[in-house]
Amino acid sequence: MNRLRLLSRNLPLCLALAAFSTACEKKPMDKNDPMAQAFAKPEHADLDIGKIEAVPEEKPVEVAHTWAAAIKEQVKLAEADLQTCRNEYLVPFQFEKMRRRNVEFVNITEMDEVCMDGSPEKKKRGPLKILRNLAQEHIGKNAQLDRFIASGMEQLEFFRVFSFMTKKVGAPEIQLVTDLAKSTSDRVRAVGMDVDKAAGIIAEWPDGTLPDDDPTVVAKVLDAAAFKTQVVDNYGWLIDDFLNAYDRFANKSWEGYDMPKMTALRTWVAIPRKRLQQDRARLATVTADAKQKAEFEGFFAAVDASLKAIEAGYDRYEKTPKDERGPKDPNRGNVEKTQKAAQKLLAAWRSPAK
């Protein structure tokens, strides 16, 4: 009886719940209903969304352990500083302010570090140290490398004078100081084009490029024509500039506040000196007749005579006091004469009779 009474009391509620349940099961939800849109199951789940692809492990860059690869790296480092020196310090240099004894617009210590000396504190070698090493160890091994070394040394020598002038703004003849700073700056920028050109060619070397004194290169048999071409390429650009180099580094380089630039001149001479040593030995393996070999020996003798003429002037600019030198260099005439003799032989090889 108690159960029947309880059922009769709750019957309306049960019927209502049953009706609601039935309605929920049978009546589909309107697709336009916001609630339907919120809880609707997506038609297709893109399982690739958010998927992270495996990153392939990077392989270390392999650096070729060859002579050419090592030289390219050294040239790249030196040329970067030499170029920065010109572009960031010399090109925007304010000479008018310098004439008013004001060089506060430039950090001279920083300039010298970039342009020449480097910084031990920053553990950074400067171009001077790199070029000295190249000159001591690698001259005569490649014509373009020889050009880079010679031009780089010239930029350093002229920059040294320029830098010295920026420290002499207290000198009484400020006009002369400023004019010399301007002329040396101009030369640095001009020779910088040769620096960049040679560096650009070297940067394109294959890593397997061999130096000219490598045994496999020396052992390669050359005929007279091939050897002449090689000689013209290796010596011509130097010989053509012997007299001008003697003038700008020595003869006309010491007046006023200027000074001789003997490191550059000695480098200019050391390159063909090394070449002569190598090529005289190599001539024995060149396939040439006695007349052709005599022609080569005559050329080597002419180059040697020209180098000796330049070397004869060293003492005048390295040992003789400035006030005892006199206005005329007695050695210059011999430099010019011997240069012409070497150039005459080169001219015939450059334009062979057809």
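These numbers were taken from a predicted model, which means no experiment stands behind them.

S.K.: I'd like a rundown of the state of the cysteines, residues and numbers included.
M.R.: Per the counting criterion, the structure on display carries one disulfide. Each sulfur in the disulfide pair Cys 85 and Cys 115 lies 2.1 Å from the other. Taking the torsion about the sulfur-sulfur bond, which here is approximately 100 degrees, the covalent link between Cys 85 and Cys 115 counts as right-handed. Within this pair, whereas Cys 85 is found in helix α3 (residues 67-90), its partner Cys 115 is found in helix α5 (residues 108-117), the two being separated by 30 residues in sequence.

S.K.: Any details on the environment of Glu 157? Residues and values, ideally.
M.R.: Relative to the elements of secondary structure, Glu 157 occurs in helix α7 (residues 143-166). A sequence separation of 105 residues divides Glu 157 from Met 262, and the C-alpha atoms of the two residues are 8.4 Å apart. Not counting the four nearest positions on each side in its chain, Glu 157 is found in contact with Lys 261, Met 262, Thr 263 and Ala 264.

S.K.: Account for the layout of surface pockets, naming residues and giving values.
M.R.: Put simply, the largest pocket is a space of about 230 Å³. If you trace the largest pocket, you find 14 residues lining it, with Arg 147, Ser 151, Asp 194, Trp 237 and Trp 268 closest to the centre. Those elements that place two or more of their residues in the lining of the largest pocket are α7 and α8 (174-203). Its residues placed into classes, the lining of the largest pocket shows five nonpolar, two polar and seven charged. What the second largest pocket holds in volume is close to 160 Å³. As for the second largest pocket, its lining consists of Lys 72, Glu 73, Val 75, Lys 76, Glu 79, Ala 199, Gly 200, Ile 202 and Ala 203. Within the residue set of the lining of the second largest pocket, elements represented by two or more residues are α3 and α8. The element contributing the most residues to the lining of the second largest pocket is α3, with five residues.

S.K.: How would you explain the packing of aromatic side chains if you had to name every residue and give the values?
M.R.: Applying the stated criterion across every chain, the model contains 17 aromatic pairs. With a centroid separation of 5.6 Å and an interplanar angle of 90 degrees, the aromatic rings of Tyr 235 and Phe 299 are classed as edge-to-face. Of the two residues, Tyr 235 is situated in helix α10 (residues 224-239) and Phe 299 in helix α13 (residues 290-311); the sequence distance between them amounts to 64 residues. When sorted by exposure, Tyr 235 lands in the same class as Phe 299, which is buried. Members of the aromatic cluster, connected to one another through ring pairs, are Phe 227, Tyr 235, Phe 296, Phe 299, Phe 300 and Trp 349.

S.K.: Could you give me a rundown of the packing of α5 against α7, with the residues and numbers involved?
M.R.: One can describe the packing of α5 onto α7 by two numbers: an axis separation of 11 Å at closest approach and a directional angle of 175 degrees. Here α5 is positioned roughly antiparallel relative to α7, judged by the angle of their axes. Between α5 and α7, the contacting residues are Ile 108, Met 111, Asp 112, Cys 115 and Met 116 on the first element and Leu 156, Phe 159, Arg 160, Phe 162, Ser 163 and Thr 166 on the second. Each residue belonging to the contact of α5 with α7 can be placed in one class, and the counts come to seven nonpolar, two polar and two charged.

S.K.: Could you give an account of the packing of α3 against α5, naming the residues involved and the relevant values?
M.R.: Taken N-terminus to C-terminus, the directions of α3 and α5 make an angle of 145 degrees; their axes are 7 Å apart at the nearest point. Each of Asp 81, Leu 82, Thr 84, Cys 85 and Tyr 89 in α3 lies in contact with α5, whose residues at this interface are Glu 110, Met 111, Val 114 and Cys 115. Residues that form the contact of α3 with α5 fall into these classes: six nonpolar, one polar and two charged.

Cut-off values and rules
- Residues numbered from 1 in each chain as written.
- Predicted model: local features only at pLDDT ≥ 70, side-chain atom pairs only at ≥ 80, totals over all residues.
- Heavy atoms only, no water.
- Disulfide = S-S within 2.5 Å.
- Helix = DSSP H or I, 4+ residues; strand = E, 2+ residues; numbered from the N terminus.
- Contact = heavy atoms within 4.5 Å.
- 1 Å grid on protein atoms, 1.4 Å probe; cavity = no way out; pocket = protein on both sides within 12 Å on 5 of 7 lines; lining within 4 Å.
- Points joined across faces, edges and corners; volume = space filled by probe spheres on them.
- Nonpolar A, V, L, I, M, F, W, Y, C, P; charged D, E, K, R; others polar.
- Phe/Tyr/Trp six-rings, centres within 6.5 Å; stacked < 30°, edge-to-face > 60°.
- Buried < 20%, exposed > 50% of the residue type's maximum accessible area, 1.4 Å probe, protein only.
- Axes fitted to C-alpha atoms, helices over the stretch in contact; angles between N-to-C directions.
- Parallel < 35°, antiparallel > 145°, perpendicular 65-115°, else oblique.

Shape descriptors only; they carry no functional weight alone.
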